[in-house]
Amino acid sequence: MINIENISKNYKKNVVLKGLSLSVGNETVAVMGKSGSGKTTLLRIIAGLEKPDAGTVRTDSDIAFSFAEPRLFESVSVIENVTCVMNGKDSLENTKKASEILSALGLGDVALKLPSELSSGMAQRVSLARLIASDRNICLLDEPLRGLDTATKTSVISLLKAYLNGKCAVIVTHSEEEAKALSDKVLTLQEGILL
C-alpha cells in the first residue's frame, strides 16, 4: 500500500510537486506528464530516495524500483544482475528462476554476457527481469518500455501486466498507449498536482 498525503517538493524556486495526495492499493497506477513535470521525483519520494519538503508518505518497505536507465552492475553477468536481488532460496533455484524470467523476456541467450555487451533495449529488459525476480509487494517503474521496439514492447507489456496483477505499482510513462495497456488507472501530473 502507498499512501501519500499533501506532499510538496521544490528545487530552488521551481515548484515540482504541490500538495499532492495519492493512495494506491493492489492496483497499477500510471502517471503521465510532460518532461520535468515531477514524475520521476514522485517515484523517488515514494521509494524514500528523496524527502518531500512537506507532507507524508507511508509505504510498505518492500519496494522494487526499475529506473529509466537500467543501472546494471557492469562487472557481473546478466544472470548475476538478476539473481542478486533474490533471497530466501538456494543459488541453484535462484539461477533457474532467473533463467526462466530472462527467457520470457527474450534474453535467454544473453544470460552469461556482461551488460556492456547488450543493446540499450536488452539492458532495459534485464532491469525489468531484476524487478520481477525481486518479487516485492510494491513496484515502481520509471519509463519501463523505453528503448524497446514495437514487437518486443507488446510481449513485455503482456508479461509485466501479468506480473503486476494484484501488486501495488506505480508506473511513469510519456506514452498514453503504454499507460492504458499496463495500468488500472491513468493519472496526469500537471503543475505539481495529479489530475
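Rules used throughout
Residues numbered from 1 in each chain as written. Predicted model: local features only at pLDDT ≥ 70, side-chain atom pairs only at ≥ 80, totals over all residues. Heavy atoms only, no water. Helix = DSSP H or I, 4+ residues; strand = E, 2+ residues; numbered from the N terminus. Rg over C-alpha atoms; globule rule 2.2 N^0.38 Å. Buried < 20%, exposed > 50% of the residue type's maximum accessible area, 1.4 Å probe, protein only. Contact = heavy atoms within 4.5 Å. Lys, Arg positive; Asp, Glu negative; His and termini not counted. Charge placed at Lys NZ, Arg CZ, Asp CG, Glu CD. Pairing = 2+ DSSP bridges. Axes fitted to C-alpha atoms, helices over the stretch in contact; angles between N-to-C directions. Parallel < 35°, antiparallel > 145°, perpendicular 65-115°, else oblique. Left-handed = near helix turned anticlockwise from the far one by under 90°. Nonpolar A, V, L, I, M, F, W, Y, C, P; charged D, E, K, R; others polar.

> Can you tell me about the overall build of the protein, naming the residues and giving the values?
Regarding its fold elements, the protein presents six helices and nine strands. A compact globule built from 195 residues would reach a C-alpha radius of gyration of about 16 Å, and the protein, at 17 Å, matches this within 12%. Projected onto its principal axes, the C-alpha coordinates of the protein cover approximately 45 × 35 × 30 Å. The 195 residues of the protein split such that 48% are buried. Here the analysis covers contacts within the protein between residues at least 6 apart in sequence; of these, 71% occur between residues at least 24 apart. Of the side-chain charges in the protein, 23 are positive and 23 negative, and the distance between the mean point of each set is 5 Å.

> Describe the sheet that holds strand 8 (residues 185–190), naming the residues involved and giving the relevant values.
Here six strands make up an open sheet; going across it, the order is 5-6-7-3-8-9 and the pairing mixed. The sheet terminates laterally at strand 5 (63–66) and strand 9 (193–194), the two strands that pair on one side only. Running at roughly 155 degrees to strand 6 (residues 138–142), helix 1 (residues 39–47) makes contact with strand 3 (28–32), strand 5, strand 6, strand 7 (168–172) and strand 8 of the sheet. Running at roughly 170 degrees to strand 5, helix 4 (residues 120–134) makes contact with strand 5 and strand 6 of the sheet.

> Give me the packing of helix 4 against helix 5 (residues 150–164): which residues, what numbers.
Interaxial distance between helix 4 and helix 5 falls to 11 Å at its minimum, and their mutual angle equals 10 degrees. Here helix 5 runs roughly parallel to helix 4, going by the angle between their axes. For the crossing formed where helix 4 meets helix 5, the hand is left-handed. Taking contact as the criterion, the partners of Arg 125, Leu 128, Leu 131 and Ile 132 in helix 4 are, on helix 5, Thr 152, Val 156, Leu 159, Leu 160 and Tyr 163. In the contact of helix 4 with helix 5, the residues fall into seven nonpolar, one polar and one charged.

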